Amino acid sequence: MPGTVKLRSIKKFGQENDGYEFSDQGKFCREICMMIFGSICAMIHGSAQPLMLLVFGMLTDTFIEYDIELNELSDPDKVCVNNTIQWRNLTEEENLALNMTKSCGLLDIEYEMTNFAYYYVGIGAGVFILGYLQISLWITAAARQIQIIRKMYFRKVMRMEIGWFDCTSVGELNTRMSDDINKINDAIADQVGIFIQRFTTFVCGFLMGFARGWKLTLVIISVSPLIGVGAGLMFVAKLTGLELQAYAKAGAVADEVLSSVRTVAAFGGEKKEVQRYDRNLISAQRWGIRKGLIMGFFTGYLWFIIFLCYALAFWYGSSLVVDTQEYSPGTLLQVFFGVLIAALNLGQASPCLEAFASGRGAATIIFETIDREPEIDCLSEAGYKLNKVKGDLEFHNVTFHYPSRPEVKILDQLNLQVKSGETTAFVGPSGAGKSTAIQLIQRFYDPKEGMVTLDGHDIRGLNIQWLRSLIGIVEQEPVLFATSIAENIRYGRPGVSNDDIITAAKEANAYNFIMDLPQKFDTLVGEGGGQMSGGQKQRIAIARALVRNPRILLLDMATSALDNESEAVVQDALDKVRMGRTTISIAHRLSTIKNADVIVGFEHGRAVERGKHDELLDRKGVYFTLVTLQSQGDKALNQKAQQGDVSLYLVLSLFLYIRRASVHQRSRSQLSNLVPESGLPDDDSEEVEPAPVARILKYNAPEWPYMLFGSFGAAVNGGVNPVYSLLFSQILATFSMPDPVEQRREINGICLFFVVVGLVSFFTQMLQGYAFSKSGELLTRRLRRLGFHAMLGQEIGWFDDHRNSPGALTTRLATDASQVQGATGSQIGMIVNSLTNIGVAIIISFYFSWKLTLVILCFLPFLALSGGFQAKMLTGFAKQDKDAMEAAGQISGEALNNIRTIAGLGKERNFVEMFEVQLEAPYQAALKKANVYGACYGFAQCVVFMANSASYRFGGYLVYREGLHFSFVFRVISAIVTSGTALGRASSYTPDYAKAKISAARFFQLLDRIPKISVYSNEGDKWDNFKGDIEFIDCKFTYPSRPDIQVLNGLSVSVRPGQTLAFVGSSGCGKSTSVQLLERFYDPNNGRVKYDTNVGSQGSQLSRGQKQRIAIARAIIRDPKILLLDEATSALDTESEKVSRNARRRVLFC
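Residues numbered from 1 in each chain as written. Predicted model: local features only at pLDDT ≥ 70, side-chain atom pairs only at ≥ 80, totals over all residues. Heavy atoms only, no water.

Under an unreviewed UniProt entry, the name given to the chain is Bile salt export pump, and the source organism is Cyprinus carpio carpio. Its UniProt record gives the chain a comment under Subunit (unreviewed entry), which states: "Interacts with HAX1. Interacts with the adapter protein complex 2 (AP-2) throught AP2A2 or AP2A1; this interaction regulates cell membrane expression of ABCB11 through its internalization in a clathrin-dependent manner and its subsequent degradation." Under the heading Sequence similarities (unreviewed entry), UniProt records this for the chain: "Belongs to the ABC transporter superfamily. ABCB family. Multidrug resistance exporter (TC 3.A.1.201) subfamily." (UniProt positions renumbered as here; feature names shortened; annotations may be inferred.)

Rendered as structure tokens:
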């Protein structure tokens, strides 16, 4: 099928990818054996029902023979003489002449039924064992395959070049790792065994038909090609793929918003983002509804054809029994039920086909990624390593554009030489290509033309991990991981000693503030370093770079986040450590690079000038212009300060929070759940109780018309099985009727009734499929929207919790909302169908024989018990799976969101290993689930045979002792047993039901949480004459996740309307925290704050200066009364900073 993969390619996956170190040949052979043996068990299990038909045929002939004998002897003129029925008034010779040779008195009905009961018990015991093995083996084998696929997919993603990530949404990747791989699991686990079982029953049923009555079987097969039209179900794969693509786009939106939640909150954009997310859900909803309608149509069509086959079979088969007497009634039923069971199992295999189609659709993109060879393979062992590295770098006619923007040339014939041991500074306006050149040195990208060489060797020929191990980089926007300070520094070089860590911290001027912390180097930095100030994070990142002892040092505005005092000290440290190293420095504060050995001026992607500070000033080129602009700006600021203007200059804009951390909020770490924050209360440590179904249905209430019509269709379909019992038993009764005319009339009426039932089933199946898909998709969209709305409505402190990282929240949105459908939608249809089936069957059964009904009903609790126990156990497994996969999702989100930092540090393997460790828990849970689910499934299947055993034995007793007509025995047994089968079939849906209740419970926890600061609340004062008078009164504050560290301690400060208040001080003293309190990201613990007494995903395709200027424009267009600028021009070059400063000055004095 175009656009999908074949199931066998999924099953062979582990073998074909043994080069990735995941395959163990012995284990793989074991899994192959499990799948083969599981398939054999499924095939033998599938042959059990046709085997039962042999017993059933003999049993039927026995009952009919006994009933004919009773009918004959009911004539007072007939008598049983010498085991032969004879006319009472005729001699033996006269009776013989009249062909009175029918035997009598030889048939012990109770004895015969006892023997048949033993047959049923033997088959039932075999079914239990086979059912258990079939399910457990396939689930166990699938668990390993899925573990391999998850590992392979994540490893291949981590091998991809950075350019691939520029064109691929991180949120989409997270969604595919959770939702799509789950669909693959559904396609290759228990559904395969069930499909083999049902298909075997289908084949064996037709073989039984040919063996016992080829004429009737051929008649039925002649119309079977009509069933082949049901292959149209394969359209579902394409529709599923389109639905998943739409959901992936919505997931990308959610990931982007949650990763930048502070920026969204600063601009009050929560409702706008919820609407944007909801718009992306509409497309997925449409595809889901179309899929449901098509499924309903083809299912109804399939049942309609099956019913037509029944009508034709009975009409023609009865003539073979009554007219030509080629078949006995038992043979007819063996042929008919063989074809019936074959057709029914073919119809019941449709959910399996849907799972296969969904799995194939989901696997397409997963395997496309796995099969893709990265242009720059960061985990490749290829390439050579130089014995001695001098450190000379050179760009030879390098031309480059980003893969996501091929029309924009970033570097244009760049020729540049960086000599070993020298410090070379790159200067130029934003977007000139300075940072791009650094990324080419790291080999994040390869040039489109030209080459970059190290000591004369093209770096494309060097081993990439070895190359990056030579490089230490400090960026303007540092990424820290949610572990201790010591471990963050240790990321720079594995196995580094504690003494080296301390030395690096001292060189980076980080030692003193670290030792002031309660836990010193063991202090957890929080999610994305959120518990550290910008300067503290920067100094830790510098220490991480220094501990690598790099041969090449890249400083991309490394001190831009530091206060003046720290910058001076760190700059001195950097001046010392770069001695003897090849160093490239990018800085907009030109004072920090004036002493560089070489300064290179960039403009329009070219190196237009080169020299020392004084030489370039004399040349009056790019560098001279930048120095002149910056000098004029500094002079203007000094003059303004000397005038004593009250309007100091850093400042307040109520709805803006322009800081480097929010521009690059995607760096927020998501490993926090692996290393819990100290002092953080674990509110979610308690067990999550499954949500009540009533509350789940409440959220589906707006769709009650669809659910009503869908339930009506399900109820009608549920009544079809009890109708079988009436029709089948009536057919049997006709074969013992003495009047041939009435016998024919009765048979024709039954056949016509089959056609009517088929038409009704067609329309009601289509109605049920459409109505429940509509209600289910609307519910999924509503829950996703409500969940996203609730997430954005939480206070910022909630996002600081390690359990609420963007990766975890995105995973929760992708899986929980869709899994809730397991308790609504089609699940309601299944429940209504089963209840109607059981209700109608019980009414029919009690009416015809209450004694036999009571006996059979004794077996229904066993069916319910198996389903209930299965649901209880799977609920626990569902929670374990959820927790384990959420932990893995956080690691994957950590890695994908911070891929540049991880690539620069060469830590891809570390994250792959951490991800694999987290996959072990769901794998072990799947193994436990395999045994429980298998035992429950086998038990539910065998109970039907046990029920038949006891029922027919007791039925024989009632026929013999109480004169019950044998057709009533078949009527009651078939009605109750088929309803029991419906109950057993319902139990197979318990995994989805269990997952739904757990997912709903977690979802409701989110919806029910009352945020400490409600962004949606309309309460509170609003003033028309708001002026901007602000006052902090004795404010004390600690971050919720770090209650042991006092950030603000009695802050009291005020600013009057029209004034500009400057916050200055060392890093970590509370400047940015004060701004966050003003924006009400947090509330103070004590005191008050009084008022008026497609730039690409997250801007990844823009330079930092371009992103910063867009953010400033975004603030200015709001025309705010209060303007907050947290180092708002730190990423701007001198010229842009001057332009921005003039613009802000105009805004301030408007």
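Colleague: What is the right way to look at the overall build of the chain in this model?
Modeller: When helices and strands are counted, the chain shows 42 helices and 17 strands. With 1150 residues in all, the chain has 59% of them scored as buried. Surface accessibility of the chain: about 45700 Å² in total, with carbon and sulfur atoms responsible for 56%. (Helix = DSSP H or I, 4+ residues; strand = E, 2+ residues; numbered from the N terminus. Buried < 20%, exposed > 50% of the residue type's maximum accessible area, 1.4 Å probe, protein only. Areas by Shrake-Rupley, 256 points an atom, 1.4 Å probe, with all protein chains shown as cover.)

Colleague: What am I meant to see in the packing of helix H33 (residues 826-848) against helix H34 (residues 850-857) here?
Modeller: Between two packed helices, both the angle of their axes relative to each other and the distance between the axes serve to describe the pair. Two elements in contact, H33 and H34, have axes separated by 6 Å at closest approach and are oriented at 135°. The pairing of H33 with H34 is recorded here as oblique in orientation. Of the residues in H34, those in contact with Ile842, Ser845, Phe846 and Phe848 of H33 are Trp850, Thr853, Leu854 and Leu857. For the contact of H33 with H34, a count of residues per class yields six nonpolar, two polar and no charged. (Axes fitted to C-alpha atoms, helices over the stretch in contact; angles between N-to-C directions. Parallel < 35°, antiparallel > 145°, perpendicular 65-115°, else oblique. Contact = heavy atoms within 4.5 Å. Nonpolar A, V, L, I, M, F, W, Y, C, P; charged D, E, K, R; others polar.)

Colleague: For this particular structure, what's the right way to read a nonpolar patch on the surface?
Modeller: Taken together, Ile36, Phe37, Ile40, Met43 and Ile44 make up a surface patch of nonpolar side chains, about 440 Å² in accessible area. Here Phe37 falls in the partly exposed class, since its relative accessible area comes to 43%. (Patch = residues over 30% accessible without salt bridge, like charges linked within 9 Å, V, L, I, M, F, W, Y side chains within 5 Å. Salt bridge = Lys/Arg side-chain N within 4 Å of Asp/Glu carboxyl O.)

Colleague: How should I be thinking about unusual backbone geometry in this particular structure?
Modeller: For residues other than glycine, phi is negative in most cases, and the peptide bonds are mostly trans. In this structure, Gln325 takes a positive phi of about 55° despite not being glycine. For Gln325, the position within the fold is in the loop between helix H14 (270-322) and helix H15 (329-348). The phi angle at Asp455 is positive, at roughly 55°, despite the residue not being glycine. Along the polypeptide, Asp455 turns up in the loop between strand E6 (449-454) and strand E7 (457-458).

Colleague: I keep staring at the packing of aromatic side chains and nothing clicks. Help me out?
Modeller: The relative placement of two aromatic rings is captured by the distance of their centres and the angle of their planes. If you walk through the whole model with that rule in mind, you get 37 aromatic pairs. Seen in terms of ring centroids, Tyr511 and Phe521 are 6.2 Å apart; in terms of plane orientation they differ by 45°. Their pairing is tilted. Of this pair, Tyr511 sits in helix H21 (residues 511-516) while Phe521 sits in the loop between H21 and helix H22 (534-546), and the two are 10 residues apart along the sequence. Each ring, one from Tyr1039 and one from Tyr1082, has its centre 5.2 Å from the other, and the planes form 85°; the classification is edge-to-face. Note that Tyr1039 is positioned in the loop between strand E14 (1030-1037) and strand E15 (1048-1055) and Tyr1082 in the loop between helix H40 (1071-1078) and strand E16 (1086-1091), a separation of 43 residues in sequence. For Tyr1039, a relative accessible area of 10% puts it in the buried group. The buried category is assigned to Tyr1082, whose relative accessible area is 3%. Pairwise contacts between aromatic rings join Phe56, Phe63, Tyr120, Tyr952, Phe966 and Phe970 into one cluster. Between the NZ or CZ atom of Arg290 and the centre of the ring of Trp287, over which it lies, the distance is 4.6 Å. The positively charged end of Lys506 is found above the aromatic ring belonging to Tyr511, 4.9 Å away from the centroid. (Phe/Tyr/Trp six-rings, centres within 6.5 Å; stacked < 30°, edge-to-face > 60°. Lys NZ or Arg CZ within 6 Å of the ring centre and 35° of its normal.)

Colleague: Just checking my understanding: could you explain the sheet that holds strand E11 (residues 598-603) for this structure?
Modeller: By way of backbone hydrogen bonds, the strands of a sheet pair with one another, either parallel or antiparallel. The six strands are arranged E8-E9-E10-E5-E11-E12 in an open sheet whose pairing can be described as mixed. Looking at strand neighbours, the two that pair on one side only are strand E8 (471-474) and strand E12 (606-611), the edges of this open sheet. Geometrically, the sheet is characterised by an average inter-axis angle of 20° between neighbouring strands, direction not taken into account. With five bridges joining them, strand E9 (residues 552-556) and strand E10 (residues 582-586) adopt parallel strand pairing. Along E10, the bridge assignment pairs Leu555 with Ser585. Contacts from helix H17 (residues 434-441) reach strand E5 (423-427), E8, E9, E10 and E11 within the one sheet, and its direction differs from that of E10 by about 150°. (Pairing = 2+ DSSP bridges.)

Colleague: Quick question: what am I supposed to make of the side chain of Arg443 here?
Modeller: Position of Arg443 among the secondary structure elements: in the loop between H17 and E6. Arg443 sits in the buried class, given a relative accessible area of 9%. Of the polar contacts made by the side chain of Arg443, one reaches the side chain of Asp446; its length is 3.0 Å. Residue contacts for Arg443: discarding those within four places in its chain leaves Glu375, Ile376, Ile459, Arg460, Leu462, Ile464, Leu467 and Arg468. (Polar contact = N/O pair within 3.5 Å; in protein donor to acceptor, adjacent residues only side chain to side chain.)

Colleague: Help me understand the nonpolar core, please; the structure alone is not making it clear to me.
Modeller: Core analysis: the biggest nonpolar cluster contains 94 residues, and Met158, Phe395, Phe426 and Leu454 have the highest contact counts within it. Of all the elements, helix H6 (residues 109-159) adds the most residues to this core, at 14 residues. Once residues within four sequence positions are removed from consideration, Phe426 is found in contact with Leu416, Val418, Lys434, Ala437, Ile584, Ser585, Ile586, Ala587, Val600 and Phe602. (Core = buried A, V, L, I, M, F, W, Y, C linked by side-chain atoms within 4.5 Å.)

Colleague: How should the pattern of salt bridges be read in this particular structure?
Modeller: Side-chain pairs of opposite charge can arise whenever the charged atoms involved come near each other. Going through the model one piece at a time under the given rule, you end up with 28 salt bridges. Note that Glu110 is salt-bridged to Arg953, the shortest N-O span being 3.6 Å. In this pair, Glu110 is assigned in helix H6 and Arg953 in helix H37 (residues 908-962), connecting sequence segments 843 residues apart. Of the residues examined, Arg953 reaches a relative accessible area of 28% and is grouped as partly exposed. Here Asp412 and Lys409 are joined by a salt bridge, their closest N and O atoms 3.8 Å apart. Assessed through its relative accessible area of 51%, Lys409 is described here as exposed.

Colleague: How should empty space enclosed by the protein be read in this particular structure?
Modeller: Over the atoms, a rolled probe matching the size of one water molecule traces out where space is still vacant. What the second largest cavity holds in volume is close to 130 Å³. As for the second largest cavity, its lining consists of 14 residues, of which Ile473, Val474, Glu475, Arg544 and Thr901 are closest to the centre. Counting only elements with at least two residues in the lining of the second largest cavity, the list comes to E8, H22 and helix H36 (899-905). Sorting elements by how many residues they give to the lining of the second largest cavity places H36 first, with four residues. Of the residues contributing to the lining of the second largest cavity, the split by class is seven nonpolar, three polar and four charged. (1 Å grid on protein atoms, 1.4 Å probe; cavity = no way out; pocket = protein on both sides within 12 Å on 5 of 7 lines; lining within 4 Å. Points joined across faces, edges and corners; volume = space filled by probe spheres on them.)

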